[in-house]
Amino acid sequence: MSVTPEHPAPADLRPETVAVTVGRPPHVPDQPLNVPVHLASTYVAGGDLEYGRYGNPSWTAFEDALGALEGGRCVSFASGQAAEAAVLDLVPDGGIVVAPQHSYTGTVLALDDRATMGRLSVRYVDLTDVEAVLAACDGADLLWFESPTNPALELADTPALVAGAHARGALVVVDNTFATPARRRPLADGADLVVHSATKAISGHSDVIMGAVVGTDPALVQRVIARRSLVGGIPSAFETFLALRGLRTLHVRIDRAEATARTLVERLDGHPALSEVRYPGFGTIVSIVLRGGAEPADALAGRTALWIHATSLGGVESTFERRRRWPAEAETIPAGLVRLSVGLEHPDDLAADLIAALDSVG
Ligand SMILES: *Cc1c(COP(=O)(O)O)cnc(C)c1O
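Residues numbered from 1 in each chain as written. Predicted model: local features only at pLDDT ≥ 70, side-chain atom pairs only at ≥ 80, totals over all residues. Heavy atoms only, no water.

Caption draft 1: Seen up close, the sheet that holds strand E9 (residues 285-290). Read across the sheet, five strands follow the order E8-E9-E12-E11-E10 without closing on themselves; strand pairing throughout is mixed. In this open sheet, the two edge strands, each paired with only one partner strand, are strand E8 (274-278) and strand E10 (308-309). Two elements, E10 and strand E11 (residues 319-322), share two bridges in a ladder whose sense is parallel. Bridge pairing links histidine 309 to phenylalanine 320 in E11. (Pairing = 2+ DSSP bridges. Helix = DSSP H or I, 4+ residues; strand = E, 2+ residues; numbered from the N terminus.)

What follows is the structure, given as structure tokens:
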């Protein structure tokens, strides 16, 4: 990795430094510090890019930075779902995918849609039961999982799952949207591909929809790039610019929001309206379960001043939602489970706002 051609980076730069420095133009007088938004559908022939569906310097800057953080080559997409679709296209016709029962609803919908069409079949598993997951990997083409899971917040034993799945001949894909490379680097644990909804913490400001796939095997990455070029699920130059601007502050945002999440977990513990406070030990997502089920959980929406009732997560603003309001959410998720995405407001203000709301619905 080099920061600029004239200043090669030491190999051991810390991730916080990588996030800020990689993907910048050379340090040339009067040139901008950031790769600008390149609006181009085509390029003068004879170079590497040729056409706007094959490449864009604004994508490359983002891809270099996220790739360096994950430890692989990054390919950006129009959305997390487009990234997911490109990876699922790699499964051969009639293939088998193993995925956790508590996967992101968009993933479940994408898998079930393909299963309904007869493209592939899916085996849903309890991610925390390593033996059951590996038994399901027998004859499978792909093991796909998130850790922590959404919104149950279960953790995977990634090295054990990777080793077992590889021994059975399955590729391993990890959706690292929740953990982010600031907390987990699945490629270092041997995963074949990492998928991101860069819409969430990577861009971090609730104003971008984007996705990414990162891999270490050049041949596999080329197949992902081919899917992007053929299907055309490309990001816009402006969105990759915004996503990279967000990525520059990933570590400070995660550090701060994670500290606040821990404070909230402490202060919510034992609240009479709650039967459970789930936190996987790191990260910015907390799930709380209301004793009274769906009704008081839905009532929270009108009772908070700071916390915004909204789907999605990973922004600077704190948001929450009852996940079972989505019909595709697994029935094993409690009806009263509310997922909190902790942002950057002051922890005392966030705690006071949420506890007052819980007091009023409890
Ligand atoms: C949001 C999300 C996706 C889908 O990403 P989009 O950018 O909305 O298409 C995939 N996986 C996880 C874990 C997500 O949270």
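Caption draft 2: Looking closely at the nonpolar core. The biggest cluster of nonpolar side chains holds 26 residues, and the ones touching the most others in it are Phe62, Leu66 and Leu247. Going through the elements one at a time, helix H1 (15-21), helix H2 (57-70), strand E7 (211-215), helix H8 (237-247) and helix H9 (250-268) are the ones with two or more residues in this core. The element contributing the most residues to this core is H2, with five residues. In this structure, phenylalanine 62 is in contact with Cys74, Ser76, Ala198, Ile202, Met210, Ala212, Thr240, Ala243, Leu244 and Leu247, ignoring residues within four places of it in sequence. Counting residues in hydrophobic clusters, the runner-up holds 23 residues, among them Ala110, Leu111, Leu120 and Val173. (Core = buried A, V, L, I, M, F, W, Y, C linked by side-chain atoms within 4.5 Å. Buried < 20%, exposed > 50% of the residue type's maximum accessible area, 1.4 Å probe, protein only. Contact = heavy atoms within 4.5 Å.)

Caption draft 3: Up close: the sheet that holds strand E6 (residues 193-197). Judged by pairing direction, the sheet is mixed, and its seven strands sit side by side in the order E1-E7-E6-E5-E4-E2-E3 without closing on themselves. Every other strand in the sheet has two partners, leaving strand E1 (73-77) and strand E3 (120-125) as the edge strands with one partner each. Neighbour to neighbour, the strand axes of the sheet diverge by 20° on average, direction disregarded. Summarising the sheet, E6 and E7 pair through five bridges and their orientation is antiparallel. Within E7, the position partnered with valine 194 by the bridge is valine 214. Strand contacts of helix H4 (residues 105-116): strand E2 (95-100), E3 and strand E4 (142-146), with the helix running at about 140° to E3, the strand carrying the most contacts. Strand contacts of helix H6 (residues 158-167): E4 and strand E5 (171-175), with the helix running at about 170° to E4, the strand carrying the most contacts. (Axes fitted to C-alpha atoms, helices over the stretch in contact; angles between N-to-C directions.)

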